Amino acid sequence: MTPLIVANWKMNPTTLVEAKRLFNSVSRGLKGIKNAEVIICPPFVYLSQFQTKKTKLYLGAQNAFWKEKGAYTGEVSPSMLKDLGCQYAILGHSERRRYFSETDEVINKKIEAVISAKLKPILCIGETGVEQKRELTQEILKSQIEKGLKKITKKEVKKIIIAYEPIWAIGTGRFCSPEEGKKANAFIRKVISQIHSQKTAKNTIILYGGSVNSQNAASYIFEANFQGLLVGGASLDPQEFVKIIKNVRRP
Ligand code: PGA
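From a predicted model like this one, the values you see are computed outputs, not experimental measurements.

## Notes on the layout of surface pockets
When its volume is computed, the largest pocket comes out at roughly 410 Å³. As for the largest pocket, its lining consists of 14 residues, and the residues nearest its centre are Lys10, Met11, Gln62, Arg96 and Phe100. No other element matches the 3 residues that helix α3 (residues 94-99) contributes to the lining of the largest pocket. Here the residues of the lining of the largest pocket are counted per class, giving 7 nonpolar, 4 polar and 3 charged.

Next comes the structure, spelled out in structure tokens:
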């Protein structure tokens, strides 16, 4: 399948001028490139500024609230994101879990809301360094998947993309080996098959994220069998980001 490459800009860049420059450079860099689906997830405030119609890019949000509208100061609803042309929403990123105390229960509500608004959720899961050392990776992944996907129907699960992001690898340069990634990938699929069916598990798109760069990107696709990547830091450098995309295309 065509690899799915998601750029998570996080809280960057700090001005609209820079954001437009970055978006346009990526868009130009992708001219003539086939066989890659690229999703840009900028901060909310820049979303309305990006036209994806004439580019090969799709838009995604980095978060979404679980209600459609109402008295929820400071929140942004999935319908609002849809209206701005978003097709995807990253949910449960480890930075949201850590700095904004998002629990699996909250993330589960957000997944439901995002699917109802006809956006595709990208559910992030992953263990901390301490959990990895204690060999708790599988336990953590299982719990995050089971709680995150609670009451999500088989039909809805088909719309969900999962991103395996070991927290110890995010923004650290200490990336996950393809062997470790392959193991986690297979385990995630096993958990989904236990909740739903083998067929559903087989068809689920699973991404890898955590210190991805143009050097290691291909190993996650071709060795660890991920269907795409969630790229943070390297997505802020248009040359590096386009190189990542070029390196993971299937011939
Ligand atoms: P990183 O971030 O590529 O900078 O490690 C990935 C992520 O947080 O999604």
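Structure shown, so let's carry the discussion forward.
## A word on the packing of helix α1 (residues 16-29) against helix α11 (residues 238-247)
With their axes 9 Å apart at the nearest point, α1 and α11 run at an angle of 35° to one another. Our pair here, α1 against α11, has a crossing hand that is right-handed. Taking contact as the criterion, the partners of Leu22, Ser25, Val26 and Gly29 in α1 are, on α11, Pro238, Phe241 and Val242. Taken together, the residues that form the contact of α1 with α11 break down as 5 nonpolar, 2 polar and no charged.

## What about α11?
Along α11, the positions that sit buried rather than exposed are Pro238, Glu240, Phe241, Val242, Ile244 and Ile245. The inward-facing, buried residues of α11 abut β1 (4-8), α1, β2 (37-41), α10 (217-222) and β8 (228-231).

## As for the site of the ligand
Not every one of the 13 residues close to the ligand is listed here, only the nearest: Lys10, His93, Glu165, Gly171 and Ser211. One of the side-chain nitrogen or oxygen atoms of Glu165 is found 2.7 Å away from an oxygen atom of the ligand. The contact in question runs from an oxygen atom of the ligand to an N or O atom on the backbone of Gly232, over 2.9 Å. When grouped by side-chain class, the residues that make up the shell around the ligand number 4 nonpolar, 7 polar and 2 charged.

## Focus: empty space enclosed by the protein
Tallying each qualifying case throughout the model produces 1 cavity of 30 Å³ or more. By volume, the largest cavity amounts to about 40 Å³. Forming the walls of the largest cavity are Gly92, Ser94, Arg97, Cys124, Ile125, Gly126, Gln144, Glu165 and Ile167. Where the lining of the largest cavity is concerned, the elements lending two or more residues are α3 and β5 (120-125). Counted by class, the lining of the largest cavity contains 3 nonpolar, 4 polar and 2 charged residues.

## Here we look at the nonpolar core
Note that soluble globular proteins tend to have their nonpolar side chains buried in a common cluster. Among the nonpolar cores identified, the biggest contains 64 residues, and Ile40, Ile111, Ile188, Tyr208, Leu229 and Phe241 are the most heavily contacted of them. Examining the composition of this core, we find that 5 residues originate from one element, helix α8 (residues 178-195), more than from any other. With sequence-adjacent residues up to four places away left out, Ile111 is seen in contact with Leu91, Pro121, Leu123, Gly148, Leu149, Ile152 and Ile160.

## Side note on the state of the cysteines
One pass over the full model with this rule turns up 0 disulfides. Cys41 provides the cysteine sulfur closest to Cys86, a residue in no disulfide bond, and the two sulfurs are 7.6 Å apart. Judged by its relative accessible area of 2%, Cys86 falls in the buried class. Considering cysteine sulfurs only, Cys124 is the nearest to Cys176, which forms no disulfide, with 15 Å between them. For Cys176, a relative accessible area of 0% corresponds to the buried category.

What counts and how
- Residues numbered from 1 in each chain as written.
- Predicted model: local features only at pLDDT ≥ 70, side-chain atom pairs only at ≥ 80, totals over all residues.
- Heavy atoms only, no water.
- 1 Å grid on protein atoms, 1.4 Å probe; cavity = no way out; pocket = protein on both sides within 12 Å on 5 of 7 lines; lining within 4 Å.
- Points joined across faces, edges and corners; volume = space filled by probe spheres on them.
- Helix = DSSP H or I, 4+ residues; strand = E, 2+ residues; numbered from the N terminus.
- Nonpolar A, V, L, I, M, F, W, Y, C, P; charged D, E, K, R; others polar.
- Axes fitted to C-alpha atoms, helices over the stretch in contact; angles between N-to-C directions.
- Left-handed = near helix turned anticlockwise from the far one by under 90°.
- Contact = heavy atoms within 4.5 Å.
- Buried < 20%, exposed > 50% of the residue type's maximum accessible area, 1.4 Å probe, protein only.
- Near = heavy atom within 4 Å.
- Polar contact = N/O pair within 3.5 Å; in protein donor to acceptor, adjacent residues only side chain to side chain.
- Core = buried A, V, L, I, M, F, W, Y, C linked by side-chain atoms within 4.5 Å.
- Disulfide = S-S within 2.5 Å.

So far we have only geometry, and geometry alone does not tell us how the molecule works.
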